[in-house]
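One-letter residues, chain by chain:
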Amino acid sequence: MLQRFFTVTAKGKKGKNKQPFVELRTDAGERLTVYLESAAELAAYNIDDEFAVAIGGGTWQTKLPG
């Protein structure tokens, strides 16, 4: 299992359907974009918030607010 510590670097809506998203980045430059189901969920994320993300075994385990 891999574990990375990400910081929120951007959030908002993108694309023609205005899909809400949160962009996370590690200190090493790795990026992860999380697409949310509704714009209301964006309120739980703030720029510079930090999250630990564990990846392994074909499943994603995250500890995110909400």
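Everything here concerns the structure above.
Let us look at the structure shown here.

Thresholds, definitions, all that
- Residues numbered from 1 in each chain as written.
- Predicted model: local features only at pLDDT ≥ 70, side-chain atom pairs only at ≥ 80, totals over all residues.
- Heavy atoms only, no water.
- Helix = DSSP H or I, 4+ residues; strand = E, 2+ residues; numbered from the N terminus.
- Buried < 20%, exposed > 50% of the residue type's maximum accessible area, 1.4 Å probe, protein only.
- Contact = heavy atoms within 4.5 Å.
- Areas by Shrake-Rupley, 256 points an atom, 1.4 Å probe, with all protein chains shown as cover.
- Phe/Tyr/Trp six-rings, centres within 6.5 Å; stacked < 30°, edge-to-face > 60°.
- Lys NZ or Arg CZ within 6 Å of the ring centre and 35° of its normal.

Observations regarding the overall build of the protein
1) Next: Broken down by element type, the protein carries 0 helices and 5 strands.
2) Next: Each helix and strand of the protein, ordered N terminal to C terminal, gives the series β-β-β-β-β.
3) Next: Here the protein holds 66 residues, and the buried ones make up 26% of them.
4) Next: Considering only intrachain contacts with a sequence separation of at least 6, the fraction spanning at least 24 residues in the protein is 37%.
5) Next: A total of about 4700 Å² of accessible surface is found on the protein, and carbon and sulfur atoms cover 49% of it.

Section: the side chain of T26
1) Next: Among the secondary structure elements, T26 is positioned in the loop between β2 (19-25) and β3 (31-35).
2) Next: When residues no more than four places from it in sequence are discounted, the contact partners of T26 are R4, F5 and F6.

A short note on the packing of aromatic side chains
1) Next: What the rule picks out here adds up to 1 aromatic pair.
2) Next: Note that K14 overlies the ring of F21, its terminal NZ or CZ placed 4.5 Å from the centroid.

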